[in-house]
Amino acid sequence: MRRSSSSACFPSRRAAFDGRQRPYHGRDNVGVVKTVERIVDATIAREAGFFAAIRRRVESGELVIHYVLGNHDRLLRGAPLARKAVSMALTGRDDLEFH
């Protein structure tokens, strides 16, 4: 049986939000923030090659990043350490503006 690429790349919500925390508990909930940080760190580690390729282009001046938060990354608003990690992964700096 072939495994779909989406299940291979993205953890299920149940796996990502184990324990009592759920994304609908709000971005100010400490448990949600910690979970978001864990998910971001794991994603950056798993996709290190992708982030390195983007970062090289940003650092060379070939690419400029404009990060617009949408439905699927709305919880980053309440997770400053996760935003810094994403910023570092994409640009090599921790001052990327999130809109």
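Since the model is a prediction, treat every value here as computed from it, not as a measurement.

A. Geometry of the overall build of the protein chain. Across its full length, the protein chain holds five helices and zero strands. What you see in the protein chain, going N to C, is helices and strands ordered as α-α-α-α-α. A sequence separation of at least 24 residues applies to 52% of the contacts in the protein chain between residues at least 6 apart.

B. Broad picture of the packing of helix α3 (residues 30-46) against helix α5 (residues 80-91). The geometry of α3 relative to α5 is characterised by a closest axis approach of 9 Å and an angle of 15° between their N-to-C directions. Relative to α5, the element α3 lies roughly parallel. Crossing of α3 over α5 shows left-handed handedness. Contact residues: Val36, Glu37, Val40, Asp41 and Ile44 in α3; Leu81, Ala82, Ala85, Val86 and Ala89 in α5. Each residue belonging to the contact of α3 with α5 can be placed in one class, and the counts come to eight nonpolar, no polar and two charged.

C. Local environment of the nonpolar core. Judged by nonpolar contacts, the single largest core of 19 residues is most densely connected at Val36, Val40, Tyr67, Leu76, Leu90 and Phe98. Within the residue set of this core, elements represented by two or more residues are α3, α4 (48-60) and α5. With five residues, the top contributor of residues to this core is α3. For Leu90, the contacting residues outside a window of four places in its chain are Phe51, Ile54, Arg55, Val58, Ile65, Tyr67 and Leu96.

D. Highlighting the pattern of salt bridges. As enumerated under the stated definition, the model contains four salt bridges in all. For Glu47, the salt bridge goes to Arg46, with nearest N and O atoms at 3.2 Å. Residue Arg46 is classed as partly exposed on the basis of its relative accessible area of 39%. Among the salt bridges present, the one from Asp95 reaches Arg93, with a minimum N-O distance of 2.5 Å. On the basis of relative accessible area, Asp95 is assigned to the partly exposed category, the value being 46%.

E. Representation of α4 in the model. Taking 1.5 Å of rise per residue, 13 residues should cover 18 Å, and α4 covers 18 Å from first to last C-alpha, within 8% of that figure. Of the residues making up α4, those classed as buried are Phe51, Ala52, Ala53, Ile54 and Val58. Considering only its buried residues, α4 is in contact with α3 and α5. Once α4 finishes, Gly61 follows within two positions and takes phi at roughly 90°, a positive value.

The rules we used
Residue positions are counted from 1 within each chain, in the order its sequence is given. Local features in this predicted model are restricted to residues whose pLDDT is 70 or higher, and side-chain atom pairs enter the listing and the counts only when it is 80 or higher, whereas totals over whole chains, interfaces and linings include all residues. Water and hydrogen atoms play no part in the side-chain values, which are based on all heavy atoms of the structure. In this description a helix means any DSSP run of H or I spanning at least four residues, a strand means any run of E spanning at least two, and both kinds are numbered starting from the N terminus. What makes two residues a contact is simply this: any of their non-hydrogen atoms within 4.5 Å. Every axis in this analysis is a line fitted to C-alpha atoms, fitted for helices over the stretch in contact. Angles between the N-to-C directions lie between 0 and 180 degrees. Any angle that is under 35 degrees is reported as roughly parallel, and any over 145 degrees as roughly antiparallel; angles of 65 to 115 degrees are reported as roughly perpendicular and all others as oblique. Put simply, a crossing is left-handed when the front helix is turned counterclockwise from the back one by less than a right angle, and right-handed when it is turned clockwise. Ten residues, namely Ala, Val, Leu, Ile, Met, Phe, Trp, Tyr, Cys and Pro, are considered nonpolar, four, namely Asp, Glu, Lys and Arg, are considered charged, and the remaining ones, Gly among them, are considered polar. Nonpolar cores are built from buried Ala, Val, Leu, Ile, Met, Phe, Trp, Tyr and Cys residues. Side-chain atoms within 4.5 Å join them into one set. Whether a residue is buried, partly exposed or exposed follows from its accessible area with a 1.4 Å probe, protein chains only, as a fraction of its type maximum: under 20%, in between, or over 50%, in that order. Take a side-chain nitrogen of Lys or Arg and a carboxyl oxygen of Asp or Glu: if they are within 4 Å of each other, that pair is a salt bridge. Here a helix's expected span is defined as the number of its residues, less one, multiplied by 1.5 Å.

In short, shape yes, function no, at least from these values alone.
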